[in-house]
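A closer look at the structure
One-letter residues, chain by chain:
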Amino acid sequence: MKNRQKILILVTLSMFVSIGVVISPILRFEGFAPTAHFVNIVCSVVLGPWYSLANAIITAIIRMSLLNIPPLAITGQVFGAFLSGFLYRKSKGSILACVIGEIIGTGIIGSIASYPVMTLLWGKGDITWYFYLPSFLIATIMGGSVAYIFLKTLQRAKVLYPIQRNIGVNVYDKSRRDN
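Summary of the structure given here. These numbers come from a predicted model, not from an experiment.

Observations concerning the overall build of the protein chain
Check the secondary structure of the protein chain and you find eight helices and zero strands. The N-to-C order of helical and strand elements in the protein chain reads α-α-α-α-α-α-α-α. Whereas a compact globule of 179 residues would reach a radius of gyration of roughly 16 Å, the protein chain reaches 16 Å, a difference of no more than 12%. Referenced to the eigenvectors of the C-alpha coordinate spread, the extents of the protein chain come out at roughly 55 × 30 × 25 Å. Per-residue burial for the protein chain yields a buried fraction of 50% across its 179 residues. Taking as baseline every contact in the protein chain between residues at least 6 positions apart, the subset at least 24 positions apart corresponds to 68%. With the model as given, the accessible surface of the protein chain reaches about 9,100 Å², and the carbon-plus-sulfur share is 70%. Separation of charge centres in the protein chain, based on 16 positive and 5 negative side chains, amounts to 12 Å.

Things to note about the nonpolar core
Judged by nonpolar contacts, the single largest core of 25 residues is most densely connected at F16, V42, L47, L151 and L160. In terms of residue count, the dominant contributor to this core is helix α2 (residues 34-47) (eight residues). In contact with V42, not counting residues within four places along its chain, are F16, A147, F150 and L151. Core analysis: the second largest hydrophobic core is formed by five residues, L72, M118, I127 and Y132 among them.

With respect to unusual backbone geometry
Note on backbone geometry: most residues besides glycine have negative phi, and most peptide bonds are trans. Of note in this structure, N68 is not a glycine but carries a positive phi near 55 degrees. Inspection of the secondary structure puts N68 in the loop between α3 (49-67) and α4 (72-75). Non-glycine residue K158 carries a positive phi angle of around 60 degrees. Judged by relative accessible area, K158 falls into the exposed class, the value being 66%.

Some points on the environment of S135
One can find S135 in helix α7 (residues 133-156). Overall, the relative accessible area of 18% leaves S135 in the buried class. With 118 residues separating them in the primary sequence, S135 and V17 have C-alpha atoms 23 Å apart.

Side note on the environment of I109
Within the secondary structure layout, I109 lies in helix α6 (residues 95-121). With residues near it in sequence (within four places) discarded, I109 still touches F79 and I104.

Focus: the packing of α2 against helix α8 (residues 160-167)
Close contact between α2 and α8 brings their axes to 9 Å; oriented N to C, the two are set at 60 degrees. When the axes of α2 and α8 are compared, the pair comes out oblique. Counted together, V45, V46 and L47 of α2 and L160, I163, Q164 and I167 of α8 form the full contact between these two elements.

Some points on a nonpolar patch on the surface
On the surface, F79, L96, I100, I104, I108, I109, I112, Y115, W129, Y130, Y148 and I149 cluster together to form a nonpolar patch covering roughly 1,100 Å² of accessible area. For the nonpolar patch, the secondary structure elements donating two or more residues are α6 and α7. Along the chain, I100 falls in helix α6.

Definitions and cut-offs
Residues numbered from 1 in each chain as written. Predicted model: local features only at pLDDT ≥ 70, side-chain atom pairs only at ≥ 80, totals over all residues. Heavy atoms only, no water. Helix = DSSP H or I, 4+ residues; strand = E, 2+ residues; numbered from the N terminus. Rg over C-alpha atoms; globule rule 2.2 N^0.38 Å. Buried < 20%, exposed > 50% of the residue type's maximum accessible area, 1.4 Å probe, protein only. Contact = heavy atoms within 4.5 Å. Areas by Shrake-Rupley, 256 points an atom, 1.4 Å probe, with all protein chains shown as cover. Lys, Arg positive; Asp, Glu negative; His and termini not counted. Charge placed at Lys NZ, Arg CZ, Asp CG, Glu CD. Core = buried A, V, L, I, M, F, W, Y, C linked by side-chain atoms within 4.5 Å. Axes fitted to C-alpha atoms, helices over the stretch in contact; angles between N-to-C directions. Parallel < 35°, antiparallel > 145°, perpendicular 65-115°, else oblique. Patch = residues over 30% accessible without salt bridge, like charges linked within 9 Å, V, L, I, M, F, W, Y side chains within 5 Å. Salt bridge = Lys/Arg side-chain N within 4 Å of Asp/Glu carboxyl O.

Following this line, the structure appears as structure tokens:
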């Protein structure tokens, strides 16, 4: 990987982190942050699973530090962030698979993983293991729907693949043969 490409990837990752932190208070209350899922999915498509995971971790830590958000910031982002990027790559560029990865990763796995974190570390002993499931699922479906529309719009405008090419990540443009 060339230095220019590394710098471009890190700058792009930094932009996703910044956007994630700034827009996270929009429509947010405990266990419900659809804007975080929007950012996760777009980051997964633009940068891939590992950078999306890094984005989720860094964003969550900043949100927890600056905005006094509970550890749900981590459990509500990391599983979906990685799984969305992983399924995007495994499906060779399906935006729908990416959204489904976020919904399964955060909406189901993340919500269930939140139970022990919130009961053992945060002291919320009055919740059940499925307490966060409805709000996590609704938030991921909302954020995923907006991300799907956004990414499909970029794809139809023929902007998505040039962005990926310029950054130097895998491009799954089925209309071109030189991928």
